[in-house]
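For reference, the chains in residue letters:
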Amino acid sequence: QTVQSMLDTLARHYPAVVREALDHLTLGEIHNVLRNLLTEQVSVRDLPAVLEILCDHSGRSKDAEFLTEKVRVGLRRQISHKYADAGMTLHAVTLSKETEDKLAENLKDIRFREKLASAIIDLIGHRNMVLLCRKDFRSTLGLHLAGKPERIPVLTPEEIASDIRIEFHGRVEI
């Protein structure tokens, strides 16, 4: 379904939301954010909420990565509940401080990211876990891991709802 047809359908019930969104953003900008969310398996079913969050933040920047991160934080309840178990516990691994430092120095290095992805996959395997990391790494790691068969979700602390408990199962070290 195209973004235009999604907005046309939504406008029947939420005309003001759609009008405001199109006053703030182009169809292409909305499309880019929705594509980013869907690439990382974030549902856009609550499109009115997504558009409202976009409107709230589009005055600061129209950058798709920036807006995607703002929407993810706004949808934190949906996102964190998706990955939490029945007891409202999110099982996670994180990066060691040393690995974070290396990543900060090598963020654009595809070979380093591949090595890091392998280490993350080795630690998590096929268990129902997320990688919890700093927000300045989330987008790059999230998109990189979304292309892997394991599709490990990457979250930031800002994306965790207050009713979710986090249980850590290790640190990725390379």
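A brief report on the enclosed structure follows. (Residues numbered from 1 in each chain as written. Predicted model: local features only at pLDDT ≥ 70, side-chain atom pairs only at ≥ 80, totals over all residues. Heavy atoms only, no water.)

The next thing to look at is the overall build of the protein chain. A count of helices and strands for the protein chain gives 9 helices and 4 strands. In the protein chain, the succession of α and β elements from N to C terminus is α-α-α-α-α-α-β-α-α-β-α-β-β. Relative to the 2.2 N^0.38 estimate, which gives 16 Å for 174 residues, the radius of gyration of the protein chain is 17 Å and therefore close to what a compact globule would have. Overall, the protein chain is about 50 × 40 × 25 Å in size when its C-alpha atoms are taken along their principal axes. Going through the 174 residues of the protein chain one by one, you find that 45% of them count as buried. Sequence-distant contacts in the protein chain: of pairs separated by 6 or more residues, those separated by 24 or more amount to 72%. (Helix = DSSP H or I, 4+ residues; strand = E, 2+ residues; numbered from the N terminus. Rg over C-alpha atoms; globule rule 2.2 N^0.38 Å. Buried < 20%, exposed > 50% of the residue type's maximum accessible area, 1.4 Å probe, protein only. Contact = heavy atoms within 4.5 Å.)

Moving on to the packing of helix 4 (residues 47-57) against helix 5 (residues 64-74). Put simply, helix 4 and helix 5 touch, their axes get as near as 9 Å, and they point 125° apart. As far as their axial angle goes, helix 5 and helix 4 are oblique. Handedness of the helix 4/helix 5 crossing: right-handed. Taking contact as the criterion, the partners of Val50, Ile53, Leu54 and His57 in helix 4 are, on helix 5, Phe66, Leu67, Lys70, Val71 and Gly74. Tallied by class, the residues present in the contact of helix 4 with helix 5 amount to 6 nonpolar, 2 polar and 1 charged. (Axes fitted to C-alpha atoms, helices over the stretch in contact; angles between N-to-C directions. Parallel < 35°, antiparallel > 145°, perpendicular 65-115°, else oblique. Left-handed = near helix turned anticlockwise from the far one by under 90°. Nonpolar A, V, L, I, M, F, W, Y, C, P; charged D, E, K, R; others polar.)

Taken together, the buried positions of helix 6 (residues 76-83) are Ile79, Ser80 and Tyr83. All buried residues of helix 6 fall inside an arc of 90° around its axis, so they share one side. Tucked inside the fold, the buried residues of helix 6 contact helix 5, strand 1 (89-95), strand 2 (130-132) and strand 3 (154-155). (Arc of directions from axis to C-beta.)

A separate point is unusual backbone geometry. The backbone of glutamine 41 shows a phi angle near 60°, a positive value even though the residue is not glycine. Position of glutamine 41 among the secondary structure elements: in the loop between helix 3 (27-39) and helix 4. In this structure, arginine 151 is a non-glycine residue whose phi angle is positive, near 45°. Tracing the sequence through the fold places arginine 151 in the loop between helix 9 (135-146) and strand 3. Looking at arginine 151, the relative accessible area reads 32%, which means it is partly exposed.

Before going further, it helps to spend a moment on the nonpolar core. Across soluble globular proteins, nonpolar side chains have a tendency to be buried as a group. Formed by 34 residues in total, the largest nonpolar core has its most connected members in Ile30, Leu51 and Leu54. No other element matches the 6 residues that helix 4 contributes to this core. If sequence neighbours within four positions are ignored, leucine 51 has contacts with Leu7, Leu10, Val17, Val18, Ala21 and Ile30. The next biggest cluster of nonpolar side chains, apart from the first, holds 20 residues, and it includes Leu95, Leu107, Leu116 and Ile120. (Core = buried A, V, L, I, M, F, W, Y, C linked by side-chain atoms within 4.5 Å.)

Judged by side-chain charge, Glu20, Asp23, Asp46, Glu52 and Asp56 come together as a negatively charged surface patch. Within the element layout of this structure, aspartate 23 appears in helix 2 (residues 15-24). Judged by relative accessible area, aspartate 23 falls into the exposed class, the value being 64%. (Patch = residues over 30% accessible without salt bridge, like charges linked within 9 Å, V, L, I, M, F, W, Y side chains within 5 Å. Areas by Shrake-Rupley, 256 points an atom, 1.4 Å probe, with all protein chains shown as cover. Salt bridge = Lys/Arg side-chain N within 4 Å of Asp/Glu carboxyl O. Lys, Arg positive; Asp, Glu negative; His and termini not counted. Charge placed at Lys NZ, Arg CZ, Asp CG, Glu CD.)

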